[in-house]
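Analysis of the macromolecular model
Read off the chains here:
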Amino acid sequence: MKKRNDESFWAGFVRKVAAKESRKIRARRDKNQIIWFGLGLLGLVGWSVVTPTLLGTALGVWIDTQFPSRVSWTLMLMFGGLILGCLNAWHWVSREQAQMEKMQKQEAKEEPKNE
């Protein structure tokens, strides 16, 4: 009986060490990718906010010069573009976060449970 418990203990121990080792190797290998991925996501979020804001501003300036009125179309369309850009950025960030959580769950499934 004692020998059986020792074998299961060592088998569990070996699985835990192997899982931690593979996680460490993967983290070292993906280190540079994570940095570039973060910078790319930052750029994507920035451009997804700036582009609709600038387009809204440009359209507003054109409308204001072509059709003068009491209402400033430049300000309204600039804020509309800003809101649209923020919603777009929120969409991208939430999608990337969902992908990261999915990867973490898959990695957690690969790890052995405590015995």
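Residues numbered from 1 in each chain as written. Predicted model: local features only at pLDDT ≥ 70, side-chain atom pairs only at ≥ 80, totals over all residues. Heavy atoms only, no water.

Let us now look at a positive patch on the surface. A cluster of basic residues, Lys16, Lys20, Lys24 and Arg28, forms a positive patch at the surface. You can see lysine 20 is positioned in helix α1 (residues 2–29). (Patch = residues over 30% accessible without salt bridge, like charges linked within 9 Å, V, L, I, M, F, W, Y side chains within 5 Å. Areas by Shrake-Rupley, 256 points an atom, 1.4 Å probe, with all protein chains shown as cover. Salt bridge = Lys/Arg side-chain N within 4 Å of Asp/Glu carboxyl O. Lys, Arg positive; Asp, Glu negative; His and termini not counted. Charge placed at Lys NZ, Arg CZ, Asp CG, Glu CD. Helix = DSSP H or I, 4+ residues; strand = E, 2+ residues; numbered from the N terminus.)

The next thing to look at is the packing of aromatic side chains. Counted under the stated rule, the structure contains 1 aromatic pair. Arranged with centres 6.2 Å apart and planes meeting at 85 degrees, the rings of tryptophan 62 and phenylalanine 67 form a pair that is edge-to-face. (Phe/Tyr/Trp six-rings, centres within 6.5 Å; stacked < 30°, edge-to-face > 60°.)

What follows deals with a nonpolar patch on the surface. Taken together, the side chains of Phe9, Trp10, Phe13, Val14 and Val17 make up a nonpolar region of the molecular surface, amounting to roughly 520 Å² of accessible area. Along the chain, the position of tryptophan 10 falls in helix α1.

Bringing the UniProt feature "transmembrane region" (unreviewed entry) in the protein chain into the picture now. UniProt marks residues 34–63 and 75–93 with the feature "transmembrane region" (unreviewed entry), using the numbering shown here. Structurally, residues 75–93 comprises 100% helix and 0% strand, and the distance from its first C-alpha atom to its last is 27 Å. (UniProt positions renumbered as here; feature names shortened; annotations may be inferred.)

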